[in-house]
Amino acid sequence: MEKTPKNLLSERVNNLSESATIAMARKSRELKAQGIDVISLSLGEPDFNTPDFIKEAAKEGIDQNYSKYMAVNGYEDLRTAICDKFKRDNDVSYNVNQIVVSTGAKQSIANVALSLINPGDEVIIPAPYWVSYEEIFKMAGAVIVPIETTIENDFKITAEQLKNTINEKTKLMIYSSPCNPSGSVYSKEELRSLADVLVQYSSVVVVSDEIYEHINFTDSYFSMAAFDDMYQQVVTVNGVSKSFAMTGWRLGYIGAPEWIAKACTKIQGQFTSGASSISQRAALAAVSSSPNVILPMKEAFLERRNFMLKELRNIKGIKINEPKGAFYLFPDVSELFGQHFDEKTVNNADDLCLFLLEEAKVALVTGNAFGSPNCIRISYAASMEQLKEAVYRIKSAISQLN
Ligand code: PMP
Ligand code: GLU
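Calculation notes
- Residues numbered from 1 in each chain as written.
- Chains lettered and ligands numbered in written order.
- Predicted model: local features only at pLDDT ≥ 70, side-chain atom pairs only at ≥ 80, totals over all residues.
- Heavy atoms only, no water.
- Helix = DSSP H or I, 4+ residues; strand = E, 2+ residues; numbered from the N terminus.
- Rg over C-alpha atoms; globule rule 2.2 N^0.38 Å.
- Buried < 20%, exposed > 50% of the residue type's maximum accessible area, 1.4 Å probe, protein only.
- Contact = heavy atoms within 4.5 Å.
- Areas by Shrake-Rupley, 256 points an atom, 1.4 Å probe, with all protein chains shown as cover.
- Near = heavy atom within 4 Å.
- Polar contact = N/O pair within 3.5 Å; in protein donor to acceptor, adjacent residues only side chain to side chain.
- Nonpolar A, V, L, I, M, F, W, Y, C, P; charged D, E, K, R; others polar.
- Axes fitted to C-alpha atoms, helices over the stretch in contact; angles between N-to-C directions.
- Parallel < 35°, antiparallel > 145°, perpendicular 65-115°, else oblique.
- Left-handed = near helix turned anticlockwise from the far one by under 90°.
- Pairing = 2+ DSSP bridges.
- Core = buried A, V, L, I, M, F, W, Y, C linked by side-chain atoms within 4.5 Å.
- Patch = residues over 30% accessible without salt bridge, like charges linked within 9 Å, V, L, I, M, F, W, Y side chains within 5 Å.
- Salt bridge = Lys/Arg side-chain N within 4 Å of Asp/Glu carboxyl O.

**Q** Go over the overall build of the protein, please, and point to the residues and values.
**A** Counting its secondary structure elements, the protein contains 14 helices and 14 strands. Computed over the C-alpha atoms, the radius of gyration of the protein is 21 Å, within 12% of the 21 Å expected from 2.2 N^0.38 for a compact globule of 402 residues. Oriented by its inertia axes, the alpha-carbon framework of the protein measures out at about 60 × 55 × 50 Å. For the protein, with 402 residues in total, the buried portion stands at 57%. Expressed as a percentage of contacts within the protein between residues at least 6 apart in sequence, the contacts between residues at least 24 apart total 74%. Accessible surface computed for the protein: about 17,600 Å², of which carbon and sulfur atoms make up 50%.

This is the structure we're talking about:
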């Protein structure tokens, strides 16, 4: 066989898709470097700086020589603070041996996938879902079983749908609430109805990704692990990237039954030896602080959401629900499919994103990457000024379609 790079690479990597969110962000950076004025609403990343008290904690960590290898699952004082956080915010009791600190929630999820999945195991993922769930679990050998939702039911699955999908081959289910990309938040009652199905399959592990927990515009939040009868089945994923504007610090964590936490630590011990010491010192300050410290960021996100909703609802062909959390809008744009611009036809969400990048110079992400081909994702984690300009450009580009 010819020795092309593709032939030399593993099937694992050849079968892996590049993260669509990261790919779009890269494309907009490249265009910007060429001097093209692109507004990137593609990446889910707070545009705020990390709060000063967290930066100070990191500086102290450097001065106090937190520079050696630590326990693979994280410093004990950080894991203690994470246990306190879970009790304070989520009414879930974990001990320090149930916590694993990792290099971002992304690695936390990869640890869980590699710890639990055997080739052929089925993993249920309500769609739309965050791009990386599918690829991480596929890489671990899982068969992905999506459950479709639509804008009409606020992109949330029902107990009935779950009952019709779950079976003896199901190993795991993963979802996020608030959801990336739909912004939907499951209420306690909705989670209870799903739990009633899940408890009947006690070997199925449920991964509850709560990374957008604090960017929640409803007045309540509920964690699946807080149901006593689900506690032994749930891995709770969280991290500091979104809530504390710390995406670059790469720090996430899980709370889990001890046997899963141990397995994740074993995997991590061979892959990374643990998260960066300085990021861990910073995270200790973040998770120990009152959630009120990030209220100004949350208020800014809410103002931007309301602005974007009002403006986008006026654009013909865009159907949009009211996201209750995170910082994304996920409009259904299928009414625009089949419309033309010059010689070109917008056949699907990929085409529409390309059209908006080329004609409006606004970078968004196709819903295809999130398992919902009728939609596109707009991140409103950008300044009001950028959002106003982006909306203006999107409106005028779409008005040229016919
Ligand atoms: N889960 C969801 C739903 C996300 O949107 C992200 C975004 N980065 C992550 C997990 C991973 O976060 P990080 O690795 O930055 O902690
Ligand atoms: N989670 C963010 C997003 O969905 C960051 C990029 C990524 O990690 O995929 O845009």
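After presenting the structure, the write-up continues.
**Q** Describe helix α7 (residues 131-139), naming the residues involved and giving the relevant values.
**A** Those residues of α7 that fall on the buried side of the exposure criterion are Val131, Ser132, Tyr133, Glu135, Ile136 and Phe137. Turning to α7, the residues buried within the fold contact α3 (20-33), α6 (105-116), β3 (122-126), β4 (143-147), β5 (170-176) and β6 (205-209). Looking one or two residues past α7, Gly141 carries a phi angle of roughly 100°, positive in sign.

**Q** I'd like a rundown of the site of ligand 1, residues and numbers included.
**A** Every residue close to ligand 1 is listed here: Gly104, Ala105, Lys106, Trp130, Tyr133, Asn180, Asp209, Ile211, Tyr212, Ser241, Lys242 and Arg250. Taking Asn180, its side chain carries an N or O atom lying 2.7 Å from an oxygen atom of ligand 1. Asp209 is positioned such that a nitrogen or oxygen atom in its side chain is 2.6 Å from a nitrogen atom of ligand 1. Protein burial of ligand 1: of its 390 Å² of free accessible surface, 94% is covered by the chains. Residue composition of the shell around ligand 1, by class: 5 nonpolar, 3 polar and 4 charged.

**Q** Can you tell me about the site of ligand 2, naming the residues and giving the values?
**A** Ser19, Thr21, Leu43, Gly44, Lys106, Trp130, Asn180, Lys242, Tyr328 and Arg377 make up every residue found near ligand 2. One of the side-chain N or O atoms of Thr21 is found 2.7 Å from an oxygen atom in ligand 2. Contact with the protein chains hides 89% of the accessible area of ligand 2, taken as 280 Å² for the molecule alone. Classifying every residue of the shell around ligand 2 gives 3 nonpolar, 4 polar and 3 charged.

**Q** Could you give an account of the packing of helix α12 (residues 295-312) against helix α14 (residues 384-399), with specific residues and numbers?
**A** α14 packs onto α12 with a crossing angle of 15° between their chain directions and a minimal axis gap of 11 Å. By the criterion of interaxial angle, the relationship of α12 to α14 is roughly parallel. Taken as a pair, α12 and α14 cross one another with a handedness that is right-handed. Here Glu303, Arg304, Phe307, Met308 and Glu311 of α12 come into contact with α14, specifically with Met384, Leu387, Lys388, Val391 and Lys395. Of the residues contributing to the contact of α12 with α14, the split by class is 5 nonpolar, no polar and 5 charged.

**Q** Report on the pairing of β3, specifying residues and quantitative values.
**A** The buried fraction of β3 amounts to 5 of the 5 residues, a majority that puts the element mostly inside the structure. In β3, alternate side chains face the same way, and those of Glu122, Ile124 and Pro126 on one face and Val123 and Ile125 on the other are all buried. Where β3 and β4 come together, 5 bridges link them in parallel fashion. By the bridge assignment for β4, Ile124 is matched with Val145.

**Q** I'd like a description of the nonpolar core, backed by residues and values.
**A** Formed by 138 residues in total, the largest nonpolar core has its most connected members in Leu41, Phe137, Leu172, Leu198, Met224, Met308 and Leu356. Among the elements that line this core, the one with the most residues is helix α13 (residues 349-360), at 7 residues. Among all residues touching Leu356, those that are not within four sequence positions of it are Lys361, Val362, Leu364, Ile376, Ile394, Ala397 and Ile398.

**Q** Could you give me a rundown of the packing of helix α4 (residues 52-63) against helix α11 (residues 277-288), with the residues and numbers involved?
**A** At their nearest, the axes of α4 and α11 sit 8 Å apart, and the two run at 140° to each other. When the axis of α4 is compared with that of α11, the two are oblique. You can see that α4 and α11 cross each other, and the crossing is right-handed. Each of Phe53, Ile54, Ala57, Ala58, Gly61 and Ile62 in α4 lies in contact with α11, whose residues at this interface are Ile278, Arg281, Ala282, Ala285 and Ala286. Across the contact of α4 with α11, the residue classes tally to 9 nonpolar, 1 polar and 1 charged.

**Q** Residue-level account of the environment of Val240, with values.
**A** Assignment of secondary structure puts Val240 in the loop between β7 (234-239) and β8 (252-255). Counting along the chain gives 10 residues from Val240 to Arg250, while the straight-line C-alpha distance between them is 8.2 Å. If we ignore the near neighbours within four places in the chain, the residues touching Val240 are Ala245, Met246, Leu251, Ala283, Ala286 and Val287.

**Q** Mind laying out the side chain of Gln233, listing which residues take part and the relevant values?
**A** Here Gln233 lies in the loop between β6 and β7. Of the residues examined, Gln233 reaches a relative accessible area of 6% and is grouped as buried. Dropping the residues within four chain positions of it, Gln233 is found in contact with Leu198, Val199, Tyr201, Ser202, Val204, Val205 and Val206.

**Q** Which residues make up a nonpolar patch on the surface, and what are the values?
**A** Residues Leu9, Val13, Leu16 and Met139 make up a contiguous nonpolar surface patch of about 320 Å² in total accessible area. As for its position among the elements, Val13 is in helix α2 (residues 11-14). The partly exposed category is assigned to Val13, whose relative accessible area is 38%.

**Q** Describe in detail the sheet that holds strand β9 (residues 328-329), supporting the description with residues and values.
**A** Strand order in this open sheet of 3 strands is β9-β14-β13, and the pairing throughout is antiparallel. Here the strands that pair on one side only, and so sit at the sheet edges, are β9 and β13 (365-366). Bridge count for β13 against strand β14 (residues 376-379) is 2 bridges, and the pairing is antiparallel. If you follow Thr366 over to β14, its bridge partner there is Ile376.

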